[in-house]
Amino acid sequence: MLDKKVKYAITSLAFNQNNEYLAVSSYSSDVIEICKIENDAIKTEKEIKLKGENNPINSLIWSNNFLICIDDNSKQISKIDFQTGSTKAEFTHEHSRGFESIDCLNLINGNKYLVSSKKIHPPTIEKLNINVSHKDLENVFILDDDLKLINSCSVPGNIIQARFYESDQSIIVISKYLDGTTLYFLDMSLNIKNKIKITDEKALSAFIAVNSKISVLLQINKDEVKTVFIRLNESLSKIEEYKEFKDSKFSLNIPEYINSVFGYKNILVTEVFTRKDSKSFLKYFDLNQNKLVETYETYGFMEAMAFSEKFIAWAENNKIKVIENV
């Protein structure tokens, strides 16, 4: 296992297509650090300056020699030339003042990008005199490789996670609203195909693990509920597995609960906190063989992971850890 300390808490990681470089960024830093993995070490090759900090969780994508990232204090998407550090294209929504932040960035079919954002509160939108209602403010966007807008729509509530699901050519959106947290399934024209209510609680954050099936982890940490884990059936029509991790001084403390989930091909990674020894573990499951294949002790609360054919990387606060792909 390789590791490297940086000066900030890491929130986003991404390998390039050749498994040679690992891009690293943080919500509290205005640089993308480019690391090279060679000779059993992780070495910093260069730093790319952004317009502003607030680079959110899992918001880096490589596209050939370009980095696509959330930039300018979470108000813009930038396409940056890795070699020169210069910005080649930008996307800023005309109503960007109506966003608390742009939070999610995903790759679609290799040459398009899925972007989603959090809206600010309705009274604030009115005070800013933005010529759109809170309900109609677009918060899901599909951009082409030059960051030109292809399509957009408004999903109810505040989006806390969005992912593209290649097998179904669907866009999966998790949004919290007054009535709780809901899964929305959109087609490539951004029409809502289906929606499933997960919980009456408003989740703080969410993780979506994409495999042959979709796994979702909501972090709630309110009214006794720590996290909620669900797995969807293959047609994305219903929840086939649901587990709520409750914990309070009035009930038996749960021995462990899932903190986050990540997926890559046939591998599902769960980060599990165990109360007995106050430790966290990354557990790697091979879904094809239906078995646990590896376990690693970790610092706790995994926010960012990156996968490639050769490596897996994760962030433990301000430390990068890299292993060969299991």
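See the structure above.
Just so it is clear, the structure is predicted and the values come from calculations on it, not from any experiment.

Asker: Teacher, can you tell me more about the layout of surface pockets here?
Answerer: Unfilled space is identified by rolling a water-sized probe across the atoms. For the largest pocket, the calculated volume is near 1300 Å³. Of all the secondary-structure elements, those providing two or more residues to the lining of the largest pocket are strand 2 (10-15), strand 6 (60-63), strand 10 (99-108), strand 14 (158-165), strand 18 (205-210), strand 22 (256-264) and strand 26 (305-307). Broken down by class, the residue content of the lining of the largest pocket amounts to 22 nonpolar, 15 polar and 4 charged.

Asker: Sorry, what's going on with unusual backbone geometry here?
Answerer: Among all residues save glycine, negative phi is the norm, and among peptide bonds the norm is trans. Positioned with a positive phi, Gln 169 is a non-glycine residue whose angle comes to about 50°. Its place among the elements puts Gln 169 in the loop between strand 14 and strand 15 (170-177). Owing to a relative accessible area of 31%, Gln 169 belongs among the partly exposed residues under this scheme. Even without being a glycine, Lys 265 presents a positive backbone phi close to 50°. With respect to the helices, strands and loops of the structure, Lys 265 is situated in the loop between strand 22 and strand 23 (267-274).

Asker: Before we go on, may I ask you to explain the pairing of strand 15 in this structure?
Answerer: Consecutive residues of a regular strand have side chains that alternate between opposite faces of the sheet. Counting buried residues along strand 15, 6 of its 8 residues qualify, which places the element largely inside the surrounding structure. From the end of strand 14 to the start of strand 15, which pair antiparallel, there are 4 residues, and Gln 169 there has a positive phi angle of about 50°. Across 7 bridges, the pairing between strand 15 and strand 16 (residues 180-186) is antiparallel. By the bridge assignment, Lys 176 is partnered in strand 16 with Thr 181. Following strand 15, the chain reverses through 2 residues before pairing antiparallel with strand 16.

The rules behind the values
Residues numbered from 1 in each chain as written. Predicted model: local features only at pLDDT ≥ 70, side-chain atom pairs only at ≥ 80, totals over all residues. Heavy atoms only, no water. 1 Å grid on protein atoms, 1.4 Å probe; cavity = no way out; pocket = protein on both sides within 12 Å on 5 of 7 lines; lining within 4 Å. Points joined across faces, edges and corners; volume = space filled by probe spheres on them. Helix = DSSP H or I, 4+ residues; strand = E, 2+ residues; numbered from the N terminus. Nonpolar A, V, L, I, M, F, W, Y, C, P; charged D, E, K, R; others polar. Buried < 20%, exposed > 50% of the residue type's maximum accessible area, 1.4 Å probe, protein only. Pairing = 2+ DSSP bridges.

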